[in-house]
Amino acid sequence: MNPYRVLPIFTPEKVEEYRNRNFYELSPHIYALADEAYRSLRDQDKDQCILITGESGAGKTEASKLVMSYVAAVCGKGQEVNKVKEQLLQSNPVLEAFGNAKTVRNDNSSRFGKYMDIEFDFKGDPLGGVISNYLLEKSRVVKQPRGERNFHIFYQLLSGASDDTLKKLKLDRDFSKYNYLSLDSAVVNGLDDAANFRTVKNAMQIVGFMEDEVQSVLELVAAVLKLGDIEFKPESRCNGTDESRIKDKNDLKEMCELLGIEQSVLERAFSYRTVEARLEKVSTTLNVAQAYYARDALAKNLYSRLFSWLVTRINESIKAQTKARHKVMGVLDIYGFEIFEDGDNSFEQFIINYCNEKLQQIFIELTLREEQEEYVREGIEWTNIEYFNNAIICDLIENHQNGILAMLDEECLRPGTVTDETFLDKLNTICAEHQHFESRLSKNSKFLTDHSLPHNCFRIQHYAGKVLYRVEGFVDKNNDLLYRDLSQAMYKANHSLIKQLFPEGNPAKVNLKRPPTAGFQFRASVGTLMKNLQTKNPNYIRCIKPNDKKASHIFTDSLVCHQVRYLGLMENVRVRRAGYAFRQAYEPCLERYKMLCKRTWPHWRGPAREGVEVLMADLPVPAEEFSFGRSKIFIRNPRTLFFLEERRRQCLQDLATLIQKIYRGWKCRSHFLLLKKSQIVVAAWYRRYAQEKKYQKIKSATTVVQSYTRGWQARKLLRELKYQKRCEEAVTTISAFWHGTQARRELRTLKEEARRKHAVAVIWAYWQGLKVRREYRKFFRANAGKKIYDFTIQRIMQKYFLGLKSTMPSMSPIDKSWPARPYRFLDGVHRELPRIFHLWRCKKYRSQFTEEKKAVYEEKLEASEIFKDKKALYPSSVSQPFKGDYLEISKNPKYQKLNSAVDEKVLLADVVNKINRANGKGTARIFLLTKKSVVLADQKTGQVKASVPLPDLASVSVSTQSDGFFALRLKEGSASAVKGDFLLSSEHLIEIITKLHRTGATAADSEQLNVDISDEFLVQFKHDKVCVKFIQGAPKNGNSVSCKRKNNRLLEVSVPTTA
Ligand SMILES: Nc1ncnc2c1ncn2[C@@H]1O[C@H](COP(=O)(O)OP(=O)(O)OP(=O)(O)O)[C@@H](O)[C@H]1O
Ligand SMILES: [Mg+2]
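Read on for a plain summary of the structure. (Residues numbered from 1 in each chain as written. Chains lettered and ligands numbered in written order. Predicted model: local features only at pLDDT ≥ 70, side-chain atom pairs only at ≥ 80, totals over all residues. Heavy atoms only, no water.)

With respect to the pattern of salt bridges
What counts here: Only one rule defines a salt bridge in this text: a Lys or Arg side-chain nitrogen within 4 Å of an Asp or Glu carboxyl oxygen. A helix here means a DSSP run of H or I that spans at least four residues, while a strand means a run of E at least two residues long, and both kinds are numbered starting from the N terminus. For every residue, the accessible area obtained with a 1.4 Å probe (protein chains only) is divided by the maximum for its type, and the residue is called buried under 20%, exposed over 50%, and partly exposed between those limits.
Counted under the stated rule, the structure contains 62 salt bridges. One salt bridge in this structure joins K358 and E398, with 3.1 Å as the shortest N-O distance. Residue K358 is located in helix α13 (residues 347-378), and its partner E398 is located in helix α14 (residues 391-398); the two are separated by 40 residues in the primary sequence. On the accessibility criterion, K358 (14% relative accessible area) is buried. A single salt-bridge network, built from bridges that share partners, covers R111, E137, R140, E148 and E338.

So, the pairing of strand β26 (residues 1016-1021)
Stated formally: Paired strands are those between which DSSP finds at least two bridges.
Burial along β26 is one-sided: the residues F1017, V1019 and F1021 are buried and none of E1016, L1018 and Q1020 is. Where β26 lies against strand β27 (residues 1024-1033), six bridges are found, and the strand directions are antiparallel. Each residue of the ladder has a partner; that of V1019, found in β27, is V1026. Following β26, the chain reverses through two residues before pairing antiparallel with β27; K1022 in that reversal takes a positive phi of roughly 45 degrees.

Quick word on the nonpolar core
Put simply, the test is: Take the buried Ala, Val, Leu, Ile, Met, Phe, Trp, Tyr and Cys residues and link them wherever side-chain atoms come within 4.5 Å; each set so joined is a nonpolar core. By definition in these notes, contact holds between two residues if any of their heavy atoms fall within 4.5 Å.
Core analysis: the largest hydrophobic core is formed by 109 residues, its most contacted members being F98, F154, L266 and F270. Apart from the residues within four sequence positions on either side, F270 is in contact with L227, I230, F232, S244, I246, L252, L286, A291, A294, R295, L298 and L486. With 60 residues, the next largest nonpolar core counts L332, L408, F437 and Y463 among its residues.

Let's talk about the packing of helix α11 (residues 263-271) against helix α19 (residues 484-491)
The packing of two helices is summarised by the inter-axis angle and the distance between the axes. Put simply, the rule is: Each axis is a line fitted through C-alpha atoms, taken for helices only over the stretch in contact, and angles between the N-to-C directions span 0 to 180 degrees. Oblique is the label for any angle not under 35 degrees, not over 145, and not in the 65 to 115 range, which are roughly parallel, roughly antiparallel and roughly perpendicular in turn.
For the pair α11 and α19, interaxial distance at closest approach is 8 Å and the crossing angle is 170 degrees. As far as their axial angle goes, α19 and α11 are roughly antiparallel. Counted together, V265, L266, A269 and F270 of α11 and D485, L486, A489 and M490 of α19 form the full contact between these two elements.

Let's talk about the sheet that holds strand β22 (residues 953-958)
With mixed pairing, eight strands are arranged side by side in an open sheet as β21-β20-β19-β18-β24-β23-β22-β25. Two strands close off the open sheet at either side, each with one partner strand: β21 (944-949) and β25 (1010-1013). Pairs of neighbouring strands in the sheet enclose a mean axial angle of 30 degrees, with direction left out of account. Pairing geometry for strand β19 (residues 922-930) and strand β20 (residues 933-938), over five bridges, is antiparallel. Note on β20: the bridge partner recorded for L928 is V935.

What to know about the site of ligand 1
Just so we agree on the cut-off: In these notes, residues near a molecule or strand are those with any non-hydrogen atom within 4 Å of it. Polar contact criterion, stated in full: a pair of N or O atoms within 3.5 Å, where within protein one must be able to donate a hydrogen and the other to accept it, and residues adjacent in sequence count only if both atoms are side-chain atoms. Method for areas: the Shrake-Rupley scheme with a 1.4 Å probe, in which residue coverage is limited to the protein chains shown. All amino acids are sorted into three groups, where Ala, Val, Leu, Ile, Met, Phe, Trp, Tyr, Cys and Pro are nonpolar, Asp, Glu, Lys and Arg are charged, and the leftover types, Gly among them, are polar.
What surrounds ligand 1 is a group of 19 residues, the closest being S56, K60, T61, S109 and S110. Take G57: an N or O atom from its main chain is 2.8 Å from an oxygen atom of ligand 1. In the model, an oxygen atom of ligand 1 is placed 2.6 Å from a nitrogen or oxygen of the T61 side chain. Protein contact buries 85% of the 610 Å² of open area that ligand 1 shows by itself. Those elements that place two or more of their residues in the shell around ligand 1 are α3 (60-74) and β3 (109-110). Looking at the shell around ligand 1 element by element, the count peaks at three residues for α3. Residues of the shell around ligand 1, tallied by class, amount to five nonpolar, ten polar and four charged.

A closer look at the sheet that holds strand β15 (residues 582-585)
The three strands lie next to each other as β15-β17-β16, forming an open sheet whose pairing is antiparallel. Because the sheet does not close on itself, it has two edges, and the strands there are β15 and β16 (626-628). Geometrically, the sheet is characterised by an average inter-axis angle of 15 degrees between neighbouring strands, direction not taken into account. Most of the contacts of α13 go to strand β17 (residues 632-635), to which it runs at about 120 degrees, and overall it touches β15 and β17.

So, the coordination of the magnesium ion (ligand 2)
Put simply, the test is: Water is not among the atoms examined, so metal sites may look incomplete; donors are the N, O and S atoms within 2.8 Å of the metal, or within 3.2 Å for Na, K and Ca.
T61 (OG1) and S110 (OG) make up the full set of protein donors to the magnesium ion (ligand 2), lying at 1.8 to 2.1 Å. Linking T61 in helix α3 with S110 in strand β3, this pair joins segments that are 49 residues apart in sequence. Residue class for T61 comes out buried when judged on its relative accessible area of 12%.

Below is the structure:
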């Protein structure tokens, strides 16, 4: 029962009180039921569902939260588990903010259905959850009945958001600015929207929404508010049709900015509607009413899709992370049965009430019908209890052929004009006979007049009372039509969330099929839910509302009575009273309680039923407390069950004690044995250790004593040995001295004796000598003298030659050293031997020569024959090798021409100076010598100036001094002699002359070339003979030789004196 005030019965103490207690043990409480469900789930591995039903405002949502908080309090703890719990609990404020609203019945009425599966692991710790939502009452977004509000989030955002946030969302705090917010009940007593907004934001953060996701959600909420403020005005067109125009584009602009939509696109979507048939597209203008319809449809869709997205997003966060098998506890909190007294019930109420009918159906199925049928099936004696089965009402609504929802769908899909009235007509024709359906026409057809039933309404007699539905809007709401232009405009938005919400707006995925109707979708999802619930063990919380005033302390009997009755609680209680509180199949029952009887413990070999019978007979339970069915045992009172459970608990305790006792005994004994074993090991080790120590001690003591004894003995021995040694030494010394004395004495005697013998021998020798000399004096002089002399000389020579062998000079021909002679008489040998040796080593030296080297040395030899001791220049030339081709004429490209002009091999090529007769100065010329001729050529150009065949040469004149002047004298009368002789000077004079001399000698049939060496010679210049005179001059102008013309017939060459 809703107390409408906070009672102190939901405290942590109460949680502890109800924790792990039997269901009937304490007074009824939501915690008792939650505990029962949780324990069945944890201990018996049965999936559970908790169905919370009741009228709107009866306290279902509160009850569901209490169940969740209880489960959260009693299940396991830990960082991860606590996070999951917190996320599950915090999903409530978020969903309530977006899905709850103030209605006349309830200030926090759930305007959507919610079924939440909480998943647990085998220990009973929560792993996560899955939330399913059912049909949000989206019509509330655009219009609220009198005295009601829009969804909380709109008011919360405007009251609770900071100025900054509101500015960003382009919103104003003033509710009155927004058409979609009803003003008469904008502020609700006891509801702090601003504080709730903070709670919601905090909850979103805990659940795991990102900062930008929260912002996107708020932008959408703001966009819905802005959308409501867009207004249209009519504008007539020339063809007479009415068209709508947006009155003030400011709101549209702001909304477009918020959602990133191009203003013109949305504006067009509000003005035109494009209908796409299979092949063609037709665009029609919208009139004002249609534009408003389009705007509201967009607002409703935007909001309801946002809500579904929120649910999906929360599911993502609270999804169980493991794939391990889990148990499930479902909590169903769905909108409660709703009746507007003034007959203003619409499609939403119809849907809500249909859902409640289905839940009632499940309740009836599982408690009343199923239970009674079970008694009959099991053969238990039973008097049937009557109850109202609402299956007939469910059938009226959901029947696939002629149910109201099916007919509504049919109307919506039918071609031609379809209105709410045609739908009502259809109902009137098809459902007129149904006993739970009433309408003006059906009544009229039965000749009944009911003025409480307007023309455009029909009435259904629900299990919870009669509800009058106004057909207005049924078709539209069922169609739930959003013009494609609008969804396409939304898809074009530059806003990720909006794009996600309108996937059908994607031009690439145009689907011409009609989307399923709202009624169809709802029926299908309710069908799935029912199937799901039937697979689980149901637990019921039936909420009762004490009054219609939302006030505490008021108890309206009639209202409560009405609820109790239509909820079928009376029948339920009756069935429960007459029936049995508990039933269980024989096998699990025997398994659970077999420890209560010695005959069934630990194993019962026979059939389970007999085992249970034996068991029950053994227990002090009166026979009327239980009955044996065909497959189950039925226990009438909870008391008996508690008794069984209590006995079982005690037995389990005893068994546990027994197990503990044996285990402890075993543990202690094994511990003792281990200790004993360890003690033996420790003692053994210790003894060994102690003995070892003792042994070490004795050993070291023994060693000390031993060492002392040995030391003492050793010292004694040492002393003795030393004494012995000293004695021996003394003996040795004494004997040595004694022997020494003896030896010296003997030596003296021997020496004396030897001296005497020697003296005797000497004296005897002298005497003999004297005797012999006297005897042989006459023969000696004639023969012995010469022999002795020859022998001595021979010995000396031998010694000298042998000595020479080791003191021989080196093999170099220029080495002039020779070992000195020891005696003067060796002078001759001393002179001859070096000469022979030198000749021999020169021969050796020559024998290594190659042909070229030989030629070079021959030339050198010839030079020496010509110039040695004749010309002062010669000695300096000895060490200079004769190179011959100084100009490298064959290789040098400069002289290529000259080279080709000369036929034979060039023997010598050098630069010489040709002396001018006129001034004595020289001109550089190339001097070439071949086998046959001498060639003079220009040094620069290589042009041949003169070529003299060797036979034409008469002689060569040179001075005796160290100059390089030479004159080539030509044979008189020869062809070359016409031009006269040549006076030349060269640095390689010796080489040139030698080569000339040699070549002249080898040239065929020519005479030897004469070389005149004198300090004055004549040179024939053309016609005149000039005398060239060499004088010795003072060393001036460096060491250069100068040539001067003295007169017409004399050239004087001054050669500096060489030091
Ligand atoms: N156990 C309770 N203790 C105190 N107040 C309660 C309790 N249960 C419900 N109420 C009060 O009743 C109001 C309505 O409860 P609740 O929203 O749970 O109803 P509901 O059955 O879910 O209604 P609807 O079907 O409209 O969603 C709560 O806002 C709260 O003020
Ligand atoms: Mg609720």
